[in-house]
Amino acid sequence: MSTPAQAPLLSINALRFRWPKAGADCLAIDRFELQRGETAFLRGPSGCGKSTLLSLVAGVLTANRGSVRLLGHDWQELSSARRDRLRADHVGYIFQQFNLLGYLSVLDNVLLACRFSARRAGQAGDARQTAQRLLERVGLEAPDWRRRASDLSVGQQQRVAAARALIGRPDLVIADEPTSALDEVLRESFMDLLLQACAENGSALLFVSHDARLAPRFQRQLDLTLINQANADAGVSL
Amino acid sequence: MKALFKLAVHSAWNRRFVLSLVVLSIALSTFLLLGIERIRADVRENFSQSVSGTDLIVGARTGAVQLLLYSVFRIGSATNNIRWSSVQSISQHKAVAWTVPISLGDTHRGFAVVGTSIGYFDHFRHGDQQPLILAQGQPFGSVFDAVLGADVAERLHYALGDRIVLSHGDGKMAANDHADKPFTVVGILRRTGTPVDRSVHIGLNGMEAIHLDWVAGAPLPGMAVPANQLNQYDLTPKRVTAVLVGLKNRAAVFSVQRSISEFQGEPLMAILPGVALDELWDVVGIGERALVAMSLLVALVSLAGLVAVITASLDQRRRELAILRALGAGPQQILWLLALEGTLVTLCGLLIGTGVCALTIFALGPLSGSHLGVTLRLQTLSSSEWALLGAVLASGMIASFVPGWRAYRLSLTDGLSPRI
């Protein structure tokens, strides 16, 4: 897919999103942009539409009005198959927890991102070696690579998820409260890893959390309750 | 697709316990389907192999199927016999090449005794025009000689030179044994896979000899004829049960059939073995179809189980589907993932069922041959068996789209945040 060179990585314009059957808008964001390589901290209490926004940014949901563009492509104008491909090619995603397929090995979980995207497989070069390098980078040594993902601790699982989100150098890494299941020590080391790896990769990071203590580490800090003009309480909060 | 396949395999392996139950149930129904189909085909094969080279079978007037059953398969019994004079007239018909009379009714320890002429060994054919071959010994020469079928010799452990006593009728009453006139085993036939294997063959004169002193199915008191006085008697049979007829030219078969049915001396009928077999299949076919329908129903139930198990597992897998969606898997790929899983499970069931069926036939085939009279042979799958397997696989694939479709819907509504 060709990418307009000057377009910002992510741009949201006059976005309105309302869940089917809901009485009011869940999200109303007039303007939001994220540049390539930028790290942004998006703060918001639970239920303010964070996950909905992330689904819109990842192109799993599409806006009712306005536009969400990734690399200049308006998600809404793409067919569902093209959306899936754009997401596979350019977005790495880290969930709050349960990121991994428990029945695959640690290494296969990381490689999974390359299986759905030829572009990322290409950028990873020797995918297996790159995956191993990334796993080492996030602190998982060779003996752990062959283990089933379900055998890992939560902290280890989140680090594998970070490696998977980063393999093949996606332009955007979305992290949805990835540290909420970690204790303080693990959280700090995870944040270090994630931010450093994103910087090395040149990936932008959109990090969502309700934990304001993490905010100073990011280039930009935003509050979703401030940029979202919809009355969050009226929508179905997810 | 390759990535999906690998995922489907891994994911299924992760839930192997529950899925193996489904595989087992599909394997079982495959076994049932193939087993019934194989038995059906082999029974037909066995029946149609039982007689060949015989153009007409002549007997007293009865049903064509009945005449075939008792004359060739020793099933049931004749209601009426044919006079010897009629047999002679038929053999003198200008289109007739040979006749082999057979006389039934006696048994030896459950095996049918066939009184026949020496021509039986020359003219009787089975399978693909194969003649009878003696594994040991020679055809019967004197009055009290007997030639055994392979099963008779094997099951009763007889060897050449052994003396055997024939029983009148089914042998249930000891008083009906022809104990005064034992027969000597002079020959043992090579296995044919036909009712011949389960028959004791004696000459028509021997058959006549053991019944000299019998009237209306019972020995006459005080009229016993000792074996050494037999040369004073005419041992030409008075009646036989049926006659196998070979023609000089097969084209004459219908005219000979007609002339026999118009025979003046007594009411007779002549049947073409192949035509009578077809009639038999018409009757048997109803039962066969019922069996096949039953096993198809069992297969259907297994596939319903497949749908139920995979669909039920979906609720626990919504997390998995969301992860795949985040990685860029489309709803269609999710659908294919589930459909692949169902197809794989069906395929495993089919392979295991086919394997077990082959093993069972391999292990029990010889046993069924000697005990049931139906030789089950291990052979490559026939076209109808392939069709059955294909039908089950296709149904399995179609059924797999049910959980596939549900997963498709779920992944659309759940997106990245499944509501578990």
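Further up the page is the structure itself.
Across its full length, chain B holds 12 helices and 17 strands. Taken against the 2.2 N^0.38 rule, which gives 22 Å for 420 residues, the C-alpha radius of gyration of chain B at 31 Å runs more than 25% over that of a compact globule. Considering only C-alpha atoms, chain B reaches an extent of 105 × 45 × 35 Å along its principal axes. Looking at chain B as a whole, 41% of its 420 residues are labelled buried. Counting only contacts in chain B whose residues sit at least 6 apart along the sequence, the fraction spanning at least 24 positions is 79%.

Each partner contributes to the interface: chain A provides 24 residues, whereas chain B provides 17 residues. When contributions to the side of chain A that touches chain B are tallied by element, the ones reaching two or more residues are helix H1 (50-57), helix H2 (80-90) and helix H3 (106-115) of chain A. Here the residues of the side of chain A that touches chain B are counted per class, giving 15 nonpolar, five polar and four charged.

Residues and elements named next belong to chain A. The strand order across the open sheet built from five strands is S6-S7-S8-S3-S9, with neighbouring strands paired in parallel fashion. Edge strands, defined here as strands with exactly one partner in the open sheet, are strand S6 (91-94) and strand S9 (220-223). Strand-to-strand twist of the sheet, defined as the mean angle between neighbouring strand axes without regard to direction, takes the value 15°. Strand direction decides the pairing type here: strand S3 (residues 39-43) and strand S8 (residues 204-209), joined by five bridges, are parallel. Paired with Phe 41 across the bridge in S8 is Phe 207.

Counting 117 residues, the largest nonpolar core has Val110(A), Ala163(A), Ile174(A) and Leu206(A) as the members making the most contacts within it. Tallying contributions element by element places helix H11 (residues 331-372) of chain B first for this core, with 11 residues. With residues up to four places along the chain from it excluded, the contact list for Val110(A) reads Ala131(A), Leu134(A), Leu135(A), Val160(A), Ala163(A), Arg164(A) and Ile167(A). In terms of nonpolar packing, the next biggest core, distinct from the first, is built from 61 residues, Val100(B), Leu132(B), Phe140(B) and Leu268(B) among them.

Rules used throughout
Residues numbered from 1 in each chain as written. Chains lettered and ligands numbered in written order. Predicted model: local features only at pLDDT ≥ 70, side-chain atom pairs only at ≥ 80, totals over all residues. Helix = DSSP H or I, 4+ residues; strand = E, 2+ residues; numbered from the N terminus. Rg over C-alpha atoms; globule rule 2.2 N^0.38 Å. Buried ≥ 20, exposed ≤ 12 C-beta atoms within 10 Å, placed from the backbone. Contact = placed C-beta atoms within 7 Å. Nonpolar A, V, L, I, M, F, W, Y, C, P; charged D, E, K, R; others polar. Pairing = 2+ DSSP bridges. Axes fitted to C-alpha atoms, helices over the stretch in contact; angles between N-to-C directions. Core = buried A, V, L, I, M, F, W, Y, C linked by C-beta atoms within 7 Å.

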